Amino acid sequence: MKYVFTIILSILFVMNLHAQRLSFISEFLTFELHADSTFTTSGNYIMKNNTPDRDYFLLSYPFPQDEYMGEVTHWDIKGNVENVRERKTSLGLRFKLAPGMQESFWATYTQKCLADSAKYIITTTQAWKKPLEIAEYTLIVDECFKVSALPFEPDRQWKADGKQYFFFHKENLMPEKDFVFRYEYIEP
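Here we summarise the structure given alongside this text. Quick caveat, the model's predicted, so the values are computed rather than measured. Note that residues are indexed from 1 along each chain, following the sequence as it is written. Totals for whole chains, interfaces and linings use all residues, but because this is a predicted model, local features are given only for residues with pLDDT of at least 70 and pairs of side-chain atoms are given and counted only at 80 or more. The side-chain figures draw on all heavy atoms in the structure; neither hydrogens nor water molecules are used.

Considerations on the overall build of the protein chain
The helix count covers DSSP runs of H or I at least four residues long, the strand count covers runs of E at least two residues long, and both are numbered beginning at the N terminus. In terms of regular secondary structure, the protein chain is built from one helix and 13 strands. When the helices and strands of the protein chain are placed in sequence order, the string is α-β-β-β-β-β-β-β-β-β-β-β-β-β. We call a residue buried when its accessible area falls under 20% of the maximum for its residue type, exposed when it is over 50%, and partly exposed in between, using a 1.4 Å probe and counting protein chains only. Counting every position in the protein chain, which comprises 188 residues, the buried fraction comes to 47%. Any two residues having at least one pair of non-hydrogen atoms within 4.5 Å are treated as being in contact. Long-range pairs, those at least 24 residues apart, make up 76% of the contacts in the protein chain between residues at least 6 apart in sequence. About 9900 Å² of surface is accessible on the protein chain, with carbon and sulfur atoms providing 52% of the total. For the area figures, the Shrake-Rupley method with a 1.4 Å probe applies, and any residue is considered shielded solely by the protein chains shown.

Below, the structure is given as structure tokens:
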């Protein structure tokens, strides 16, 4: 527990150092709970360089590892990102942005769910001291599961091709709790 607390503090410290120089503007993510109880998160993250200089920025991209989520089994980062350093609970990212410019990077990772819940960390947004202008989340759940609790009220939901879809659109999002949803396995 002490190790996790230290990592979280270091993440918040790195993010806070860059908060004025770099802004985290928006995220557009898809979460998918597969029949084998793996959970995949993928999508685009939009950042902005607030300085008058072309500059390098360091980010820590955290993975949830707690009673809900196991180790990351796969990850991939694409975009104007270099120097990716893998750690057990996060990735260290380094990228360069032109002055005043916005740019996105794409990330995906897969984890095994350890309980009847899945989690994505969004409370780190608070370290930026500015809400996300836009956050869109699409949760896709295999039909062998019944969703019993969601972190927000969905803006839309539907079923198609043996899956359940939940869409969330948020503006000026400053989350106080992480994106956690609960589910139950349904016997076929």
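What follows picks up the thread again.
Some thoughts on the packing of aromatic side chains
Any two rings among Phe, Tyr and Trp, with Trp reduced to its six-membered ring, count as a pair given centres within 6.5 Å; such a pair is stacked if its planes are under 30 degrees apart, edge-to-face if over 60, and tilted if neither. Tallying each qualifying case throughout the model produces 22 aromatic pairs. Measuring from ring centre to ring centre gives 6.1 Å for Phe152 and Phe168, while their planes differ by 65 degrees; the resulting arrangement is edge-to-face. Placement of the pair is Phe152 in the loop between β10 (145–149) and β11 (156–160) and Phe168 in strand β12 (residues 163–173), with a sequence separation of 16 residues. Note on Phe152: relative accessible area 19%, which makes it buried. Phe168 sits in the buried class, given a relative accessible area of 0%. Relative to Phe179, the ring of Phe152 lies with its centre 6.0 Å away and its plane at 65 degrees, an arrangement referred to as edge-to-face. Taken together, the residues Phe152 in the loop between β10 and β11 and Phe179 in strand β13 (residues 179–185) connect sequence positions 27 residues apart. A network of ring pairs unites the aromatic residues Phe31, Phe39, Tyr120, Tyr137, Phe145, Phe152, Phe168, Phe179, Phe181, Tyr183 and Tyr185 as a single cluster. Over the ring of Phe167 we find Arg156, and its NZ or CZ is 4.8 Å from the ring centre. Placement of a positive charge over a ring is assigned whenever Lys NZ or Arg CZ falls within 6 Å of the ring centre and within 35 degrees of the normal to the ring plane.

Side note on the sheet that holds strand β7 (residues 102–113)
Neighbouring strands of a sheet are bound in pairs by backbone hydrogen bonds; such pairs are parallel or else antiparallel. Paired strands, in this sense, are two strands between which DSSP finds at least two bridges. Read from one edge to the other, the open sheet built from seven strands follows the order β4-β7-β2-β1-β9-β12-β11, with strand pairing classed as mixed. Whereas interior strands pair on both sides, the edge strands pair on one side only; in this sheet they are β4 (69–79) and β11. The mean inter-strand angle of the sheet, taken between neighbouring strand axes irrespective of direction, is 15 degrees. Across eight bridges, β4 lies against β7 in antiparallel orientation. From the neighbouring strand, Gly79 faces β7, where its bridge partner is Phe105. Only the contacting stretch of a helix is used when fitting its axis, a line to C-alpha atoms as for every element, and angles between N-to-C directions run 0 to 180 degrees.

Overview of the side chain of Ser23
Its location among the elements puts Ser23 in strand β1 (residues 22–33). The class of Ser23 is buried, set by a relative accessible area of 8%. The contacts of Ser23, once residues within four sequence positions are left out, are Ile46, Met47, Lys48, Asn50, Trp128 and Lys130.

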